[in-house]
Every structure is written in structure tokens, then in C-alpha cells.
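Structural features, examined
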Amino acid sequence: MFQRICLVHYHEIGLKGHNRSSFEMRLLKNVEAMLDGYPVVTVRKISGRVCVFLKEETEYDLACEIADKLACVPGTARVSSGYKTERDIDEIGRAAVDAMHEAGRFESFKVAARRSHTDFEIDSMQMNQLVGSLLCEAFPEKKVQMKDPDLKVCVEVVQSSAYVYARSIPGVGGLPVGSSGRVMCLLSSGIDSPVATWRLARRGAICIGVHFSGRPQTSATSEYLVDDIAHVLEKTGCIARVYTVPFGDYQREIAGSVPPGLRVIMYRRLMFKVAQALAAREKAGALVTGESLGQVASQTLENIAATDSAVSMPVFRPLIGTDKQEIIAQAKELGTFEISSQDAPDCCTLFMPRSPETHAKLADVLEAEKPLPIDAWVAEIVENVEVRDYACPAYKPKKPQPANI
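About the cut-offs
- Residues numbered from 1 in each chain as written.
- Predicted model: local features only at pLDDT ≥ 70, side-chain atom pairs only at ≥ 80, totals over all residues.
- Heavy atoms only, no water.
- Core = buried A, V, L, I, M, F, W, Y, C linked by side-chain atoms within 4.5 Å.
- Buried < 20%, exposed > 50% of the residue type's maximum accessible area, 1.4 Å probe, protein only.
- Helix = DSSP H or I, 4+ residues; strand = E, 2+ residues; numbered from the N terminus.
- Pairing = 2+ DSSP bridges.
- Contact = heavy atoms within 4.5 Å.
- Axes fitted to C-alpha atoms, helices over the stretch in contact; angles between N-to-C directions.
- Salt bridge = Lys/Arg side-chain N within 4 Å of Asp/Glu carboxyl O.
- 1 Å grid on protein atoms, 1.4 Å probe; cavity = no way out; pocket = protein on both sides within 12 Å on 5 of 7 lines; lining within 4 Å.
- Points joined across faces, edges and corners; volume = space filled by probe spheres on them.
- Nonpolar A, V, L, I, M, F, W, Y, C, P; charged D, E, K, R; others polar.
- Patch = residues over 30% accessible without salt bridge, like charges linked within 9 Å, V, L, I, M, F, W, Y side chains within 5 Å.
- Areas by Shrake-Rupley, 256 points an atom, 1.4 Å probe, with all protein chains shown as cover.

**A short note on the nonpolar core**
Ranked by size, the top nonpolar core spans 77 residues in total, and within it Met184, Val210, Phe247, Leu270, Val274 and Leu287 carry the most contacts. By residue number, the principal contributor to this core is helix 8 (residues 263-282), which donates 11 residues. Ranked by size, the runner-up nonpolar core spans 26 residues in total, among them Ile89, Ile92, Leu135 and Val157.

**Structural notes on the sheet that holds strand 6 (residues 143-144)**
Note: strands within a sheet are paired through backbone hydrogen bonds, in either parallel or antiparallel orientation. Read across the sheet, eight strands follow the order 2-3-1-4-8-7-5-6 without closing on themselves; strand pairing throughout is mixed. Because the sheet does not close on itself, it has two edges, and the strands there are strand 2 (40-46) and strand 6. As paired elements, strand 5 (residues 108-115) and strand 6 share two bridges and run parallel to each other. Within the sheet, the bridge partner assigned to phenylalanine 109 lies in strand 6 and is valine 144. Running at roughly 165° to strand 2, helix 1 (residues 20-34) makes contact with strand 1 (3-9), strand 2, strand 3 (49-54) and strand 4 (76-85) of the sheet. The strands touched by helix 3 (residues 89-101) within the sheet are strand 4, strand 5, strand 7 (151-157) and strand 8 (162-173), with strand 8 carrying the most contacts at an inclination of about 45°.

**Quick look at the environment of valine 232**
By secondary structure assignment, the location of valine 232 is in helix 6 (residues 221-234). Judged by relative accessible area, which is 16%, valine 232 ranks as buried. The sequence separation of valine 232 and glycine 335 amounts to 103 residues, and the corresponding C-alpha distance is 6.8 Å.

**Overview of the pattern of salt bridges**
Across all of its chains, the model carries 21 salt bridges by this definition. Here glutamate 291 makes a salt bridge to arginine 268, at a shortest N to O gap of 3.5 Å. With glutamate 291 in the loop between strand 12 (287-288) and helix 9 (301-308) and arginine 268 in helix 8, this pair connects stretches of sequence that are 23 residues apart. The pair formed by glutamate 291 and arginine 268 is uniform in burial state, with each residue classed as buried.

**Let's talk about the layout of surface pockets**
Here the second largest pocket is characterised by a volume of approximately 320 Å³. As for the second largest pocket, its lining consists of Lys69, Cys72, Gly171, Val172, Trp198, Val232, Lys235, Thr236, Gln330, Glu333 and Leu334. Of all the secondary structure elements, the ones that give two or more residues to the lining of the second largest pocket are strand 8 and helix 10 (324-334). A per-element tally of the lining of the second largest pocket places helix 10 first, with three residues. By residue class, the composition of the lining of the second largest pocket is five nonpolar, three polar and three charged.

**Structural notes on empty space enclosed by the protein**
Scanning the entire structure with this criterion turns up one cavity of 30 Å³ or more. Taken as a whole, the largest cavity spans an internal volume of roughly 70 Å³. What lines the largest cavity is simply Arg4, Ile5, Tyr60, Ala63, Ser81, Gly82, Tyr83, Ala99, Glu102, Ala166 and Arg167. Among the secondary structure elements, those contributing two or more residues to the lining of the largest cavity are strand 1, helix 2 (60-70), strand 4 and strand 8. Per-element tally for the lining of the largest cavity: the top contributor is strand 4, with three residues.

**Considerations on a nonpolar patch on the surface**
Taken together, Leu293, Leu301 and Ile320 make up a surface patch of nonpolar side chains, about 280 Å² in accessible area. Locating leucine 293 in the fold gives a position in the loop between strand 12 and helix 9. We classify leucine 293 as partly exposed; its relative accessible area is 45%.

**Overview of unusual backbone geometry**
Here the residue pair arginine 215 and proline 216 is connected by a cis peptide bond, since its omega of 5° sits within 30 degrees of zero. Mapped onto the elements of the fold, proline 216 is located in the loop between strand 10 (206-213) and helix 6. We note that glutamate 57 has phi near 70°; this positive angle belongs to a residue other than glycine. A relative accessible area of 67% means that glutamate 57 is categorised as exposed. Even without being glycine, aspartate 148 reaches a positive phi, approximately 50°. Mapped onto the elements of the fold, aspartate 148 is located in the loop between strand 6 and strand 7. Taking relative accessible area as the criterion, aspartate 148 reaches 62% and is therefore assigned exposed.

**Topic: the sheet that holds strand 11 (residues 241-246)**
Strand order in the open sheet formed by six strands is 13-12-9-10-11-14, with mixed pairing between adjacent strands. Two strands bound the open sheet, and with one partner strand each, they are strand 13 (315-316) and strand 14 (386-389). Pairing analysis gives six bridges linking strand 10 to strand 11, with the strands arranged parallel. Its bridge partner being in strand 11, valine 210 is matched across the sheet by tyrosine 243.

Pasting the structure below:
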């Protein structure tokens, strides 16, 4: 009986220089946290991998469930399920047979062996031959195929042990959450912004959401949906906190004070200013939105520029060149599409003009904004935000900072 393991492979982290170890340690800590409650003995770095050692008698189906969960953790390029053995060629061969029995349907295979230390007397080529011959005896109906086989049985001999695996699944790639700073994400209950948030998390950012609710002018339905979305994202540590802003009364004030065509831009400029103030509190370095160029009236080049001028920090738009069908496909893969497809009145549809301006001039926007008590509103909103935290291993709340209004 061999000890089951899950090997977490990474690609991009392996290209890092002197700070590579910090990325590896961040991934290891995230993996440990994501597997809380599973039968894990320990998690360690071994030979350019993160290895999860499972408890004795862990069933194959549970080991696969663990591997599937790990594959969704940002920073993971591939996850392999297999066994740890002694550095003994007979034990390695038996483990390879067991791994092939659990690999599912296949017609062709090959062995890919490597050793990290030359103190193991059998080199990689000999291991390929010896293990391959054992597998041919155990599976006489299967064909050895060196190029593009259905199944690859891998053997890795390191300093103190050997690792054998056949089942290997792709991961989401990217960088581990917590390796690229913090960002403040404008998070609605719609389809786009959860995908944008996930894309930044996949690049290693700690994502903190801010949701602008239409409350008290609308019901709080969108807030419940955003909470559901956040629970999906937190399964892989991709969101740390969500600030909720009851925004309806401020929209009503704006709607009664500015030309109808400029309402949407005014709403968004105030949202951005609030998000920037909260970003200062969290020491976040950028704002993130789910905008896609030309998708709606507020997302034309001119209107994006008019909105961005409200803040002094970078605004990231990871979906800017993505069409709606691509975004929907990724939302389905992420698991947020069904939640976002539910009808919910929110601030995005509140006090909407019949004909919003699509090519706003910044001078006109600034002129219309002059009479509004923007600074006072931002201070009031930030003072009264509602906060909910989620499971993100890389997140530690910053000490309260004065809001930058």
C-alpha cells in the first residue's frame, strides 16, 4: 500500500528569478488553506513542485476530488494524482501498475522517468525500460506509443523518495493569489464583473470587491446575489472582502441635478471616487471593472475617459477586448453564470435615461458635476459602507487608514 499524493505543477512561477521561493511559498500556503478539512498529512515543496501528502487509506475518488479542487487554485498549471514510494525499482514498478489501473480508459501509453539525483544508480532511460516492461506484462492488451500516447506514466526520483503518477489534469495557471498586491474590484451581480475579478485573482492579486446596491430605492436582491458570487470565488481564495454601498439615494440626487444624458457617467464617476477611497483604506493599487469596449453606452472610448478622469489611480479592464459570448463561456466555467442570470434590480438600471450620452465631452461632465457635493458624499458613503469577509488565505486586513477623498 503506497501513500497517495497530489503533485501540483507550476510553469510561470518556475520562470521567476531570485524571488521564486516567495511565489512557491505563497502557492503552498494557499494550497494548505484550500484543503482544510481534507485528509492531508502535510504539504511540502519537492523538486520544483508542491506535493500534497494524503492520509493512509484515502480512497481514489476522494484523491481525485482533491486534485480537481487544486486544479482551480491560481498558480497551478497541472495536478497529478499518484503515489510516493521508496527509491526501489520494484516498488516503483508496482506503484506504476496501480497508477495505470486508476487512470481510466486508454489504448496507448509510455513511461516518462527522470531522476533529480545521480546517487540513484538507475538512470532515466533504464527506468523507462524497466518500468515499461512491467507495465507491458500487466497490460498486454495496451500499446506502447512514444509519440502522443493516450496515457503517460511518470516517475520522478528525488533525493529521498520516488513519485509515480498517471492521472494528470490541467490547472487554471497564472500566479498564486497574494503574489501581486491588492486591487479594488467594482463587483455587480451581473455576468461580467465576477469574471474580471477572477482574472485579476488568477494574476496573483488579492481582490476586494465593492458592490453598489440600488438600496433603498430598490430591494437588496443584488446584494444577496453578489454574496453568492463571492462564495463561489472564495472556494479557491479569489476574493477577500466585499464592501456594500447603498447607492440609490445618491443616484436619485444625481438624476435630479444633471442633464439626463450624463447621468450614467456621473453615477460611475462617483462610484470610482468611492472605490478609490476604499482602495486607500485597503492599500490597494488599482481599480478593476468588468467593462468591454463598446458593449453599452458607458463603455465607449470617450465615456471611459470621462469616468477615469474622476480618479488618480490605475483602472484595470481585463475584459476590454472580450465579447459577450466569451465572457459568458468563462462565467459558466467559473460557476457564476447561473447566479448572475437571475433578475435583480440594482443601481445599474436605476434612474436610467432614455438616451444616454455615448460620446461625452469631459468639459461638459465637469461643468455638470460642479454643483454636486461629491466630496461630502464620498466621505458619507465610506463612513457607512457595510463589510463582509470571505476566505482568502493571502489576505490580512490592513490597519485602518484615512480615506483619500
